[in-house]
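# Understanding the architecture of this molecule
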Amino acid sequence: IMADNAFKEAVENTPDIKSHYCTGLQAVKGSERKMISPEDTKKLSGSVDIDSALKAHNPNEARWDYTIGYEDKAYFVEVHPADTSEVDTVIKKVKELKNWLNKKASKLKAIGQTPYYWIPSGKYAISKGSPQEKKLSQNGIRIQSKLKLPPK
């Protein structure tokens, strides 16, 4: 019998993304997969490409990329160019994500972890201590070149 998987259960209880559950990091697109490094792959409880899943429901919204289950917690990951000009876009995406979690994904929200992770898809151009960095931090977003699971 497979152990209970709180992440999978949360996804299956969320109609918008129910059919998008994938095992391991399968939902994470190609080269983006190497940006996520689980300490123990056996502790991965699945992944969902939220962006693709919600596209049909909210074609014009700013959508967050992924949620990844690790040790029955949900981590939220956005892979996006890290330029100062993109800060507002990513903040808009996190606000939409929080809104969606509140309204449509309460089980996922319950196991959701913060901060929300932004992994730069290319060069990193937001300086430490800049107004943009402060803004991200106020919105619960942390930029990291790689997401180690569990985060330390």
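Our structure is the block above this text.
Keep in mind that this is a model prediction, so the values were computed, not measured.

## Points about the overall build of the protein
Looking only at helices and strands, the protein features 5 helices and 7 strands. Beginning at the N terminus, the succession of helices and strands in the protein can be written as α-β-β-α-β-β-α-α-β-α-β-β. Here the C-alpha atoms of the protein give a radius of gyration of 15 Å, agreeing with the 15 Å that 2.2 N^0.38 yields for 152 residues. Taken along the three principal axes of its C-alpha coordinates, the protein extends 50 × 35 × 25 Å. Evaluated residue by residue, the protein yields a buried proportion of 45% over its 152 residues. Accessible surface, the protein as shown: approximately 8,100 Å² in total, 49% of it carbon and sulfur. Taking the average location of the 26 positive side-chain charges in the protein and that of its 19 negative ones, the two points are 3 Å from each other.

## A look at the packing of aromatic side chains
By the definition in use, this model includes 3 aromatic pairs. When the centroid spacing of 6.4 Å and the interplanar angle of 50° are considered together, the rings of Phe7 and Tyr21 count as tilted. Here Phe7, found in helix α1 (residues 6-12), pairs with Tyr21, found in the loop between α1 and β1 (36-38); they are 14 residues apart in sequence, far enough to count as distant. Assessed through its relative accessible area of 0%, Phe7 is described here as buried. When the ring of Phe76 is compared with that of Tyr116, the centres are 5.8 Å apart and the planes differ by 40°; the resulting orientation is tilted.

## Things to note about the pairing of strand β5 (residues 116-125)
Of the pairings in the sheet, the one linking strand β4 (residues 73-83) to β5 comprises 6 bridges and is parallel in character. Paired with Val77 across the two strands is Tyr117, which belongs to β5. In terms of strand pairing, β5 meets strand β6 (residues 141-143) through 3 bridges, oriented parallel. By the bridge assignment, Trp118 is partnered in β6 with Ile143.

## Notes on the sheet that holds strand β3 (residues 66-70)
Strand order across the open sheet formed by 5 strands is β2-β3-β4-β5-β6, with mixed pairing between neighbours. Across the chains shown, the open sheet's two edge strands, defined by having one partner strand only, are β2 (44-49) and β6. Looking at each pair of strands side by side, their axes are set apart by 25° on average, direction ignored. Where helix α3 (residues 87-104) meets the sheet, its contacts fall on β4, β5 and β6, and the angle it forms with β4 comes to roughly 160°.

## Quick notes on the environment of Ala62
Relative to the assigned elements, Ala62 resides in the loop between α2 (50-55) and β3. With near-sequence residues (within four places) excluded, Ala62 lies in contact with Lys92, Lys93 and Glu96.

## Structural notes on unusual backbone geometry
The omega torsion of the bond from Thr114 to Pro115 falls at 5°, within 30 degrees of zero and hence cis. Each neighbour pair has its own omega, and for Leu149 with Pro150 the value is -10°, a cis peptide bond. Checked against the element boundaries, Pro150 lands in the segment after β7 (147-149). Even without glycine at this site, Glu71 takes up a positive phi of about 50°. Within the element layout of this structure, Glu71 appears in the loop between β3 and β4. For Asp72, which is not glycine, the phi torsion reads 60° and is therefore positive.

Reading guide: rules and limits
- Residues numbered from 1 in each chain as written.
- Predicted model: local features only at pLDDT ≥ 70, side-chain atom pairs only at ≥ 80, totals over all residues.
- Heavy atoms only, no water.
- Helix = DSSP H or I, 4+ residues; strand = E, 2+ residues; numbered from the N terminus.
- Rg over C-alpha atoms; globule rule 2.2 N^0.38 Å.
- Buried < 20%, exposed > 50% of the residue type's maximum accessible area, 1.4 Å probe, protein only.
- Areas by Shrake-Rupley, 256 points an atom, 1.4 Å probe, with all protein chains shown as cover.
- Lys, Arg positive; Asp, Glu negative; His and termini not counted.
- Charge placed at Lys NZ, Arg CZ, Asp CG, Glu CD.
- Phe/Tyr/Trp six-rings, centres within 6.5 Å; stacked < 30°, edge-to-face > 60°.
- Pairing = 2+ DSSP bridges.
- Axes fitted to C-alpha atoms, helices over the stretch in contact; angles between N-to-C directions.
- Contact = heavy atoms within 4.5 Å.

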